[in-house]
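Residue-level structure breakdown
Chain by chain, the residues run as shown.
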Amino acid sequence: MERFSEIETYITPMWNEWFAEDRKKIHDYFQQHRKEIAYKFCDCAVKQVVPDVCALQSAGEQGEIAYLGIHFLRSSHLNRSYDYEIKLYNETLYLDENRAAGYWYPEFLYRFAADEEEMLKREIQGKFIRVKPHEIEQMRQKLFLQYQETAKPYFQVLVHCLWEKPEFRQVKTSDKLQFLYGEHMGELEELAPEGDV
């Protein structure tokens, strides 16, 4: 554990610098391609989630939807697929047995992930002797968690776009529909269904 702390102390300032530069590029890319990104997100939700919920509601197996959740999946972080879950719940949230979900990969957000991982590996191996693959992987997992917070304002914009879609309006929702963001089965925070990045 002492070695991990040494590696972390060494690499974190560099990582923060790289990631700050990449966050700026991500922001610029999002601003330039906002409509296309919103279309892909909404298309995913409308095709993967909305039909299932509408079918369950028509069959009387699902009540009004009270929550739209956007979930960061730790498993996708581990396997590098970086999918986020889009899920609709009734008022029981995690206890909803008929919740419907879809999965979306925000490609724009992870455009630099492979390069970041390579720089991380190169820097650690250049500084420390006999670096084991699991040491680099542990550091990647820890540092890449910053993507979870970075994604939040973009999803705040994207759920607003979804809310505006006529297809989404087919879902019977509570008057107080809430947009939630956080790790799957973890702590969630409310997203205001509007905003900008």
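Just above sits the structure.
Quantities reported herein were computed from a predicted structural model and do not represent experimental measurements.

1. Some thoughts on helix H5 (residues 113-127)
Here H5 is 15 residues long and its end C-alpha atoms lie 21 Å apart, about the 21 Å a rise of 1.5 Å per residue gives. Listed as buried for H5 are Ala 113, Glu 116, Leu 120 and Ile 124. The arc that holds the buried residues of H5, viewed along the axis, is 60°, so those residues lie on one side. The exposed residues of H5 that point more than 90 degrees off its buried face are Ala 114, Asp 115 and Gly 126. Contact partners of the buried residues in H5: helix H1 (2-32), helix H6 (133-144) and helix H7 (146-164).

2. Looking at the nonpolar core
Core analysis: the largest hydrophobic core is formed by 56 residues, its most contacted members being Phe 41, Ile 70, Tyr 84, Trp 104, Leu 109, Ile 124 and Phe 155. Counting residues in hydrophobic clusters, the runner-up holds 5 residues, among them Ala 66, Tyr 67, Leu 93 and Leu 180.

3. A short note on the pairing of strand S5 (residues 188-191)
When strand S4 (residues 173-183) meets S5, the two strands line up antiparallel, connected through 4 bridges. Of the residues in S5, the one forming a bridge with Phe 179 is Leu 191.

The rules we used
Once a new chain begins, its residue numbering starts again from 1 and follows that chain's sequence as written. Local features in this predicted model are restricted to residues whose pLDDT is 70 or higher, and side-chain atom pairs enter the listing and the counts only when it is 80 or higher, whereas totals over whole chains, interfaces and linings include all residues. Side-chain figures throughout are based on the complete set of non-hydrogen atoms in the structure, without hydrogens or water. Per the convention used, a helix needs a DSSP run of H or I reaching at least four residues, while a strand needs a run of E reaching at least two, with both numbered from the N terminus. To estimate the expected span of a helix, count its residues, drop one, and scale the result by 1.5 Å. The rule is simple: take the accessible area with a 1.4 Å probe, protein chains only, and divide by the maximum for that residue type; under 20% is buried, over 50% is exposed, in between is partly exposed. For this quantity, the arc is that covered by the directions from the helix axis to the C-beta atoms. Residues are treated as being in contact if the distance between any of their heavy atoms lies within 4.5 Å. Only buried residues count toward a nonpolar core. Its members are Ala, Val, Leu, Ile, Met, Phe, Trp, Tyr and Cys residues joined through side-chain atoms within 4.5 Å. Note on pairing: DSSP must find at least two bridges between two strands before they are called paired.

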